[in-house]
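Structural characterization, general
Here is how the chains run, residue by residue.
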Amino acid sequence: MTSLNSPAKTNLPVEPNAFVGRERDTADIRRLLESMRAVTLCGAGGIGKTRLARHVAHSLLGVYPEGVWFVELADTPRDGPPEPVARRVAAVLGVAEEAVPGGLAAALAEALRSRAALLVLDNCEHLVADCAELTGALLARCPRLRVLATSREPLRTAGENVWRVPPLEPHEAERLFVERAAAVRPGFAAAGAGTAVAEVSRALDGVPLALELAAARIRVMSVEQIARRLTDRFRLLNAGDRNAPLRQRTLRAAIDWSHDLLDDDERTLLRRLSVFAGWTLEQAEHVCSDSGPDGEPLDALDRPRGPGGPGDAPGGGTRAVLGGLAADAVLDLLTALVDKSLVVVGGEVAGEVRFRQLDSIRQYAAERLGAAGEAEEFRRGHRDAVLEAAERHGEIAVVESPASWAERVELFHRYDAELGNVRAALAWSLDRGEIEEGLRICTALRTFWIVRGRVAEWEEWTDRFLTLGMGLPAYVLGPALAGRAQLAVGGRDFARAGEFAERALDPCRKAGDDFMAATALITVAESHTRAGRFAEAAVRLDEADAIAADPGQEWNRAYALTARGYLLIRLNRLREARERLESGLLIMREIGQLWGASHALIGLGRLAELRGDPAAARGHYAEALPILAEIEARPEMARALAGVGRVALEQGDPGAAREALSRSLGLSRSTGVRLDVARALEVFAELVAREGDPHGAVLLAGAASALREAGGRQPGTGARLERTLEPIRRRLGRPLVAQLWGEGRALPPDDAAAYALRVPGPGSVPAPREAGGTGTSGRPGRERPGRAFGRTAGERAEHDPAAPGPGPVPEPRRDGEPGRAHGADAAPGRAERRGAARAVTPVTPPTTLTAREREIARLIARGLSNRGIAGELVISPATVARHVTNILTKLGFGSRAQVAVWAVDNLSAESPDAG
């Protein structure tokens, strides 16, 4: 034994292997010990308290020349001789257990009185009162002494600073797993298993003991196999170091050690909390407490009175009638579980502190819940609480219940935190076949998922319940179908939205649910508007208006006005459209639903664009953005930013356009709404064309067209696209544009987005792979086949004098292969290097006006009527009328005047027979 008087001045065990990570934690604890005399490292079992304390102590050997002493207390019994901690410390320091005034603590204080020493007390949790008493006595008498303790709960001694040991950071957790795996299987490397290693590290919450136990399985399992088996982690993680203390040889033993230190009420609450993915105090009180005979939660009045007053029970717990858990006991019990590191305190959301359990503790507690026969009761109670809150909050979201905008903002953020609880409630309902309750949750929360852009997942949940619930009562089925229609609108799938909304009308009417009937009618109208069935859309909006005139229908009234405004924009009745949109905006503001107001603002921005007022358009989009940012409404933010980008281009500000469009595209990709990604790529096509990259412009426009078709939409049409493509056709020639369009359609969306988001500069322009050896000038023989990307700067300059200078451009991936530059030996129609790419068939852009339509557009620009055009071309006026209709449809215009302006800008340089 090393004693106080030995030359070594320490008994610290040698670290058994490399200490991984925690550099910041180590530095923080060292700084604390400079100013604080007692620091307690608290945390759950296996979090690494002991290892961190040892590591810090080793780093301080030079700071405490008169001793760094490590005292292991885990095997010190609670019911042994008196002064158990003092006896163990005395044994480590070599202090004789002599009978002195004040006992052994006084003897230790006398031995340490003048020494600059660090005393490490490890595993104090089962002796916390004795540790607190001894620490207080020593610090009071030894001014140069520092105490570093590890415990699953604080000592609560004067001057103590509690430092919660956090899980490892993700990169640290992965490093630890890889290093320990390499130690048990020489040659192991994480290359190729990075995703699985990250999955294991995330599933194990960055808890070092769990990671080390998992890494030990690398002897006989792959990382992927370990990841798959973590649902049964207590059986998997049971092969620890034989030389480790029993409590550290398996994950279950580590948690058992903590569980055994709890009293009965603490154990009850711990297991019941496992039904939550995260919770607030109020949720725990509501769900985890027992009910009295009247069904209400028990409180202090229900508890038996003993000699010590209400709630007096062995172990300090509060025991309610028949062993139940009282609601007003939850606060103290929850505090105790936090102190004992079995519950983690999270951040504040909507003014309430949130709590959670580490995944391993939650699984352990869930097993205990099942063993206690309480799983069915408390999981149903959790689901019912989620349902009750969802329906109450859902009414607030769509203004069926009054609230301020600030309160609605809080709800949007609350459901980010409640996501795990909602999923758990839905999964439990589905497993138990309780379809009505699950479908009601889906319906109530539709607005929150639409705002956040989580439409795809919630469409899937709703569809699973709808498939099993077609026999449900009308009051459930009708709103569910109407809510499903709104989810489809959020995903920009207007055809399916219309189908669901039509199916919703009959059950909503049977149930007398006027609110959801009006909602369904507006959704049907939106679907008709997008499909060009304008008269049918107007009829449905008239029906919705009649219902929404009633009190309590303010949301639908404003929603219908906004939908009517968008319809009138399509009809080119811009003055009327502005009136409707402004009326909808006013109502939304009056009822405190600014998310709804942002829809009207975006519509007003689009309307101002069409009226040729870019300053007003930019102002409307800019006004919507702070509202949308406040609730993190990613889909609408993407649309508003796309509008800002379009307007910035019109105003000749490509820098602002690129910034806005980049943010828009990033948001659209995060929501997975293909139509929004396609729209962003279309505007990017115009931007890169103006930046001097005609090849990239056609590629991006082609990629956008393919995305539209993949989403079940018609290829992009409109004057903006024609305005972008027309000069490029004249410059590059139609065959080359067709080849580029085909290449763009073959681009994976991620590659198209990456190309759009690249910083423009020297060498950023790709050259297309051309068919038939056609060069950029449209003349044959100027370009070798297969050199779509990666030409030298000289080649680019030769074939396109406006092209930027040298710089690498990755080839877009095809068939799942990584991007690479084409080599000179590549040729269309033949397998390219290593079979990585296929030849792409040229595709004529579908928005191109035919030769006859272009001719008629030029004549419209000259001011000729249909009859005048018919005489000029020697065709019938009816034929001219059909061509004019096609032109208006393809260009997205509502009047001949718009066609005339467009033709002057885009067709004046063409000879009459071009095409």
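Residues numbered from 1 in each chain as written. Predicted model: local features only at pLDDT ≥ 70, side-chain atom pairs only at ≥ 80, totals over all residues. Heavy atoms only, no water.

**As for the overall build of the chain**
Check the secondary structure of the chain and you find 41 helices and 10 strands. Scored against the burial criterion, the 915 residues of the chain give a buried share of 54%. Counted over contacts in the chain with a minimum sequence separation of 6, partners at least 24 positions apart contribute 70%. Surface accessibility of the chain: about 37,900 Å² in total, with carbon and sulfur atoms responsible for 52%. (Helix = DSSP H or I, 4+ residues; strand = E, 2+ residues; numbered from the N terminus. Buried < 20%, exposed > 50% of the residue type's maximum accessible area, 1.4 Å probe, protein only. Contact = heavy atoms within 4.5 Å. Areas by Shrake-Rupley, 256 points an atom, 1.4 Å probe, with all protein chains shown as cover.)

**Remarks on helix H6 (residues 170-184)**
For H6, spanning 15 residues, the distance from its first C-alpha to its last is 22 Å, which sits close to the expected 21 Å at 1.5 Å a residue. For H6, every residue scored as buried is listed here: Glu 172, Ala 173, Leu 176, Phe 177, Arg 180 and Ala 181. With its buried residues spanning 160° around the axis, H6 presents them on a single face. (Expected span 1.5 Å × (residues − 1). Arc of directions from axis to C-beta.)

**A closer look at the environment of Ile 361**
Its location among the elements puts Ile 361 in helix H15 (residues 359-371). Residues within four places of Ile 361 in sequence aside, it is in contact with Ala 44, Ile 255, Leu 270, Ser 341 and Leu 342.

**Structural notes on the nonpolar core**
Val 422 and Trp 595 are the most contacted members of the largest nonpolar core, which has 99 residues in total. The next biggest cluster of nonpolar side chains, apart from the first, holds 74 residues, and it includes Val 56, Leu 176, Leu 230 and Leu 334. (Core = buried A, V, L, I, M, F, W, Y, C linked by side-chain atoms within 4.5 Å.)

**Concerning the side chain of Asp 263**
The residue Asp 263 is located in the loop between helix H11 (251-259) and helix H12 (264-272) in this model. The buried charged residue Asp 263 lacks any salt bridge, with Lys 340 as its nearest oppositely charged partner at 5.8 Å. Engagement of the side chain of Asp 263 in a polar contact is seen with the backbone nitrogen of Asp 265, the distance being 3.1 Å. (Lys, Arg positive; Asp, Glu negative; His and termini not counted. Salt bridge = Lys/Arg side-chain N within 4 Å of Asp/Glu carboxyl O. Polar contact = N/O pair within 3.5 Å; in protein donor to acceptor, adjacent residues only side chain to side chain.)

**Quick look at the pattern of salt bridges**
In the structure shown here, the tally under the stated rule is 51 salt bridges. Linking Glu 434 and Arg 380 is a salt bridge whose minimum nitrogen-to-oxygen distance equals 2.5 Å. With a gap of 54 residues between them, Glu 434 in the loop between helix H18 (419-432) and helix H19 (435-444) and Arg 380 in helix H16 (residues 375-397) connect regions that are remote in the sequence. When the shortest N-O distance is used, the salt bridge between Arg 452 and Asp 416 registers 2.8 Å. Of this pair, Arg 452 sits in helix H20 (residues 446-452) while Asp 416 sits in helix H17 (residues 405-417); the two residues are 36 residues apart in sequence, bridging distant segments of the chain. Since its relative accessible area comes to 4%, Arg 452 is described here as buried. A single salt-bridge network, built from bridges that share partners, covers Glu 376, Arg 380, Arg 383, Asp 384, Arg 432 and Glu 434.

**Here's the deal with the sheet that holds strand S6 (residues 279-280)**
Taken in spatial order, the 3 strands line up as S6-S10-S9 in an open sheet, and their pairing is antiparallel. The open sheet has two edge strands, S6 and strand S9 (344-349), and neither has a second partner. The sheet contact formed by S9 and strand S10 (residues 352-356) spans 4 bridges and is antiparallel. Looking across to S10, one finds that Val 349 is bridged to Glu 352. (Pairing = 2+ DSSP bridges.)

**Side note on the packing of H18 against H19**
It is the contact of H18 with H19, at a shortest axis distance of 8 Å, that shows an interaxial angle of 150°. One finds that H18 runs roughly antiparallel with respect to H19. The handedness of the crossing between H18 and H19 comes out as left-handed. Counting all contacts with H18, which are made through Val 422, Ala 425, Leu 426, Ser 429 and Leu 430, the residues of H19 involved are Ile 435, Glu 437, Gly 438, Ile 441 and Cys 442. (Axes fitted to C-alpha atoms, helices over the stretch in contact; angles between N-to-C directions. Parallel < 35°, antiparallel > 145°, perpendicular 65-115°, else oblique. Left-handed = near helix turned anticlockwise from the far one by under 90°.)

**Some words on the sheet that holds strand S3 (residues 118-122)**
The sheet built from 5 strands is open, its strands ordered S2-S3-S4-S1-S5 with parallel pairing. Where the open sheet ends on each side, the last strands, each with one partner, are strand S2 (68-72) and strand S5 (160-164). If you compare each strand with its neighbour and ignore which way they point, the axes differ by 20° on average. In the sheet, strand S1 (residues 38-42) pairs with S5 via 5 bridges, with the strands oriented parallel. By the bridge assignment, Cys 42 is partnered in S5 with Arg 164. Sheet strands in contact with helix H1 (residues 23-35) are S1, S3, strand S4 (146-151) and S5, and its direction is about 175° off that of S5.

**Description of helix H27 (residues 574-590)**
Under the 1.5 Å per step criterion, the end-to-end length of H27 is 24 Å for 17 residues, consistent within 8% with the ideal 24 Å. On the buried face of H27, the contacting elements are helix H26 (554-570) and helix H28 (594-610). Positive backbone phi, at 70°, marks Gly 592, one or two positions downstream of H27.

**Let's talk about the pairing of S1**
Burial within S1 is extensive, with 5 of its 5 residues counted as buried. Burial of the side chains of S1 extends over both faces: Ala 38, Thr 40 and Cys 42 are buried on one face and Val 39 and Leu 41 on the other. With 5 bridges joining them, S1 and S4 adopt parallel strand pairing. Its bridge partner lying in S4, Leu 41 is registered against Thr 150.

**Comments concerning the confidence of the model for the chain**
Chain-level statistics for the chain give a pLDDT mean of 80 and a share of 80% at 70 or above. Taking the mean pLDDT of every element in the chain, the minimum, 33, falls on helix H37 (residues 793-799) and the maximum, 96, on H19. This stretch, residues 911-915, has a pLDDT under 50; its non-local contacts, to residues over four places away or in other chains, come to 3 contacts. (pLDDT = per-residue confidence, 0-100.)

**Quick notes on unusual backbone geometry**
Within the chain, Ser 341 stands out as a residue other than glycine whose phi angle is a positive 65°. Take Ser 341: its relative accessible area is 7%, and that puts it in the buried class. With phi around 60°, Val 874 is a residue other than glycine that occupies positive phi space. Mapped onto the elements of the fold, Val 874 is located in the loop between helix H39 (866-873) and helix H40 (877-891).

**A look at the packing of aromatic side chains**
Evaluated as defined, the whole model comprises 10 aromatic pairs. Taken together, a centroid distance of 6.5 Å and an interplanar angle of 25° make the contact between Trp 461 and Phe 465 stacked. Separated by 4 residues within a single helix, Trp 461 and Phe 465 lie in helix H21 (residues 455-468), roughly one turn from each other. When its relative accessible area of 11% is taken as the criterion, Trp 461 is described as buried. Grouping aromatic residues by their ring pairs yields a cluster made of Phe 412, Tyr 415, Phe 448, Trp 449, Trp 458, Trp 461 and Phe 465. Over the ring of Trp 461 we find Arg 464, and its NZ or CZ is 5.2 Å from the ring centre. (Phe/Tyr/Trp six-rings, centres within 6.5 Å; stacked < 30°, edge-to-face > 60°. Lys NZ or Arg CZ within 6 Å of the ring centre and 35° of its normal.)

**Quick word on the packing of H16 against H18**
Interaxial distance between H16 and H18 falls to 9 Å at its minimum, and their mutual angle equals 120°. It follows from the interaxial angle that H16 and H18 lie oblique. Of the two possible hands of crossing, H16 and H18 adopt the one that is left-handed. Between H16, through Glu 376, Arg 379, Arg 380, His 382, Arg 383 and Val 386, and H18, the contact on the second element is made entirely by Asn 421, Val 422, Ala 424, Ala 425, Trp 428, Ser 429 and Arg 432. Its residues assigned to classes, the contact of H16 with H18 shows 5 nonpolar, 3 polar and 5 charged. (Nonpolar A, V, L, I, M, F, W, Y, C, P; charged D, E, K, R; others polar.)

**Remarks on the side chain of Glu 266**
Positionally, Glu 266 belongs in helix H12. A relative accessible area of 6% places Glu 266 in the buried class. The contacts of Glu 266, once residues within four sequence positions are left out, are Leu 333, Ala 336, Leu 337 and Lys 340.

**Let's talk about the environment of Asp 750**
Counting through the fold element by element, Asp 750 comes out in helix H36 (residues 749-757). Separated by 81 residues in the primary sequence, Asp 750 and Arg 669 have C-alpha atoms spaced 8.6 Å apart.

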